[in-house]
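Working through the structure, step by step
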Amino acid sequence: LLLLLLLQINSLVREIEVSHWGNIYVEETYEIQNAGAQHTGKFSRLLYAHSPEGKGNSFPDVVAHLPAAAHSLYYKDIIGNISSSDTTHSTQETVIEVRLRYPLMGGWKTDFTLGYSVPLEGFLYRRPKGKLRLLMELSTSFNDVWVEQLITRVVLPEGAQHIKASLPFAGIEQSWDKKFTYLDTAGRPVLVLSKSNVVPEQNKPFAVDYSFTFTGMMREPLLLISGALLLLLLL
């Protein structure tokens, strides 16, 4: 309960990238803050580890609740990968205890990135008239936490068309962007959803409908094969 009162997410950028070759890749970049009373004086790891008085209104970790099918988890910050985290799998969810590089004292902030993959099954559904529907959660993987600024980026395969979002509540701004990855030519369409002051009750599923043809799915493999054949001819 104390952690829920202290933890505040200043900003969260979620990127959900759909690959029709088997997975959906999710990356969440956080700036979190201890919203408790400002810590004053020096910080001593020794005092923190061995004295209750040294801990004050701080916390050393946060707990993320991911889909049960989540795999290929990673957790990193600006310095690099962080291996100090514990993961528990069940039929209902995957829980990861994210241990911060340093305890978050009152008023302190930190940044980190949490990433994982999920299979298409259970998140991408076929709809009438050849359409597809992506169904994901809108906000954070941390339960019962307020998000000051939320940006959710939905990256669809190159060639996706007739894109339409079904959102759980009003006040969400929609805009468009493009993302270029390997073998892309025109870029992948990115639906950007922005919302300020997202309360826990607003962390609900949202849907994105779009159309995508088999020809579009085979475009990148054909480009790769064509490039390999061209290289062989030039040798």
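Everything numeric here is computed off the predicted structure, so don't read it as measured data. (Residues numbered from 1 in each chain as written. Predicted model: local features only at pLDDT ≥ 70, side-chain atom pairs only at ≥ 80, totals over all residues. Heavy atoms only, no water.)

Considerations on the overall build of the protein
The secondary structure content of the protein amounts to four helices and 14 strands. Burial analysis of the protein (235 residues in total) assigns 42% to the buried set. Nonlocal contacts in the protein, meaning residues at least 24 apart in sequence, comprise 74% of its contacts between residues at least 6 apart. With an accessible surface of roughly 13000 Å², the protein has 58% of that area assigned to carbon and sulfur atoms. (Helix = DSSP H or I, 4+ residues; strand = E, 2+ residues; numbered from the N terminus. Buried < 20%, exposed > 50% of the residue type's maximum accessible area, 1.4 Å probe, protein only. Contact = heavy atoms within 4.5 Å. Areas by Shrake-Rupley, 256 points an atom, 1.4 Å probe, with all protein chains shown as cover.)

As for the sheet that holds strand β11 (residues 161-166)
If you walk across this open sheet you meet the four strands as β8-β9-β14-β11, and the pairing is antiparallel. Each end of this open sheet is capped by a strand with a single partner; those strands are β8 (124-126) and β11. Here the strands of the sheet are splayed against their neighbours by 20° on average, with no regard to which way each runs. Relative to strand β14 (residues 205-211), β11 is paired through four bridges, and the arrangement is antiparallel. Residue pairing for β14: Ser-166 is matched across the bridge by Ala-207. (Pairing = 2+ DSSP bridges. Axes fitted to C-alpha atoms, helices over the stretch in contact; angles between N-to-C directions.)

Concerning the pattern of salt bridges
With the rule as written, the count across this model stands at ten salt bridges. One salt bridge in this structure joins Lys-179 and Glu-15, with 2.5 Å as the shortest N-O distance. Pair noted here: Lys-179 is in strand β12 (residues 173-179) and Glu-15 is in strand β1 (residues 7-19), with a separation of 164 residues, a long-range link. Close ionic contact of Arg-188 with Glu-17 constitutes a salt bridge, the shortest N to O distance being 3.0 Å. (Salt bridge = Lys/Arg side-chain N within 4 Å of Asp/Glu carboxyl O.)

A closer look at the confidence of the model for the protein
Regions with low pLDDT carry predicted coordinates that are not meant to be interpreted in detail. In the predicted model, the protein carries a mean pLDDT of 87, and the fraction of residues at 70 or more is 87%. Here helix α3 (residues 52-55) stands out as the least confident element of the protein, with mean pLDDT 62; strand β10 (residues 147-155) is the most confident, with 97. (pLDDT = per-residue confidence, 0-100.)

Overview of the packing of aromatic side chains
Evaluation of the coordinates by the stated rule reveals five aromatic pairs. Relative to Phe-112, the ring of Tyr-30 has its centre 5.3 Å away and its plane inclined at 25°; by these criteria the two rings are stacked. Highlighted residues: Tyr-30 in strand β2 (residues 23-34) and Phe-112 in strand β7 (residues 109-119), separated in sequence by 82 residues. The interplanar angle of 65° and the centroid separation of 5.0 Å between the aromatic rings of Tyr-30 and Phe-142 together place this pair among those described as edge-to-face. Placement of the pair is Tyr-30 in strand β2 and Phe-142 in the loop between β9 (131-137) and β10, with a sequence separation of 112 residues. Both residues of the pair, Tyr-30 and Phe-142, belong to the buried class. (Phe/Tyr/Trp six-rings, centres within 6.5 Å; stacked < 30°, edge-to-face > 60°.)

Here's the deal with the pairing of β10
Where β1 and β10 come together, eight bridges link them in parallel fashion. Bridging across to β10, Ser-11 finds its partner in Gln-149.

Some details on the sheet that holds strand β6 (residues 93-104)
Ordered by their spatial adjacency, three strands build an open sheet running β3-β6-β5, and the pairing between neighbours is antiparallel. Taken across any chain shown, the strands that pair with only one partner, and hence form the sheet edges, are β3 (59-67) and β5 (85-89). Neighbour-to-neighbour, the strand axes of the sheet open up by a mean angle of 20°, direction not taken into account. Relative to β6, β5 runs antiparallel, the two sharing five bridges.

Focus: the environment of Arg-101
Here Arg-101 is to be found in strand β6. It is 9.9 Å that separates the C-alpha atoms of Arg-101 and Ile-79, two residues lying 22 residues apart in sequence. Ignoring anything within four residues of it in the chain, the contact list for Arg-101 reads Arg-45, Asp-77, Ile-79, Gly-80, Asn-81 and Ile-82. Engagement of the side chain of Arg-101 in a polar contact is seen with the side chain of Asp-77, the distance being 2.4 Å. A distance of 3.5 Å separates a polar atom in the side chain of Arg-101 from the backbone oxygen of Gly-80. (Polar contact = N/O pair within 3.5 Å; in protein donor to acceptor, adjacent residues only side chain to side chain.)

Looking at the nonpolar core
With 50 residues, the main nonpolar core has Ile-24, Ile-32, Phe-112, Leu-134, Val-208 and Tyr-210 as its most contacted residues. A per-element tally of this core places β1 first, with five residues. Dropping the residues within four chain positions of it, Val-208 is found in contact with Leu-132, Arg-133, Leu-134, Val-154, Leu-156, Ile-163, Lys-164, Ala-165 and Leu-191. (Core = buried A, V, L, I, M, F, W, Y, C linked by side-chain atoms within 4.5 Å.)

Brief notes about unusual backbone geometry
In this model, Lys-129 sits at a positive phi of 60°, which is unusual for a non-glycine residue. Within the secondary structure layout, Lys-129 lies in the loop between β8 and β9. Exposure remark for Lys-129: the relative accessible area of 87% places this residue in the exposed category. One non-glycine residue, His-162, lies in the positive phi region at around 50°. Along the chain, His-162 turns up in strand β11.

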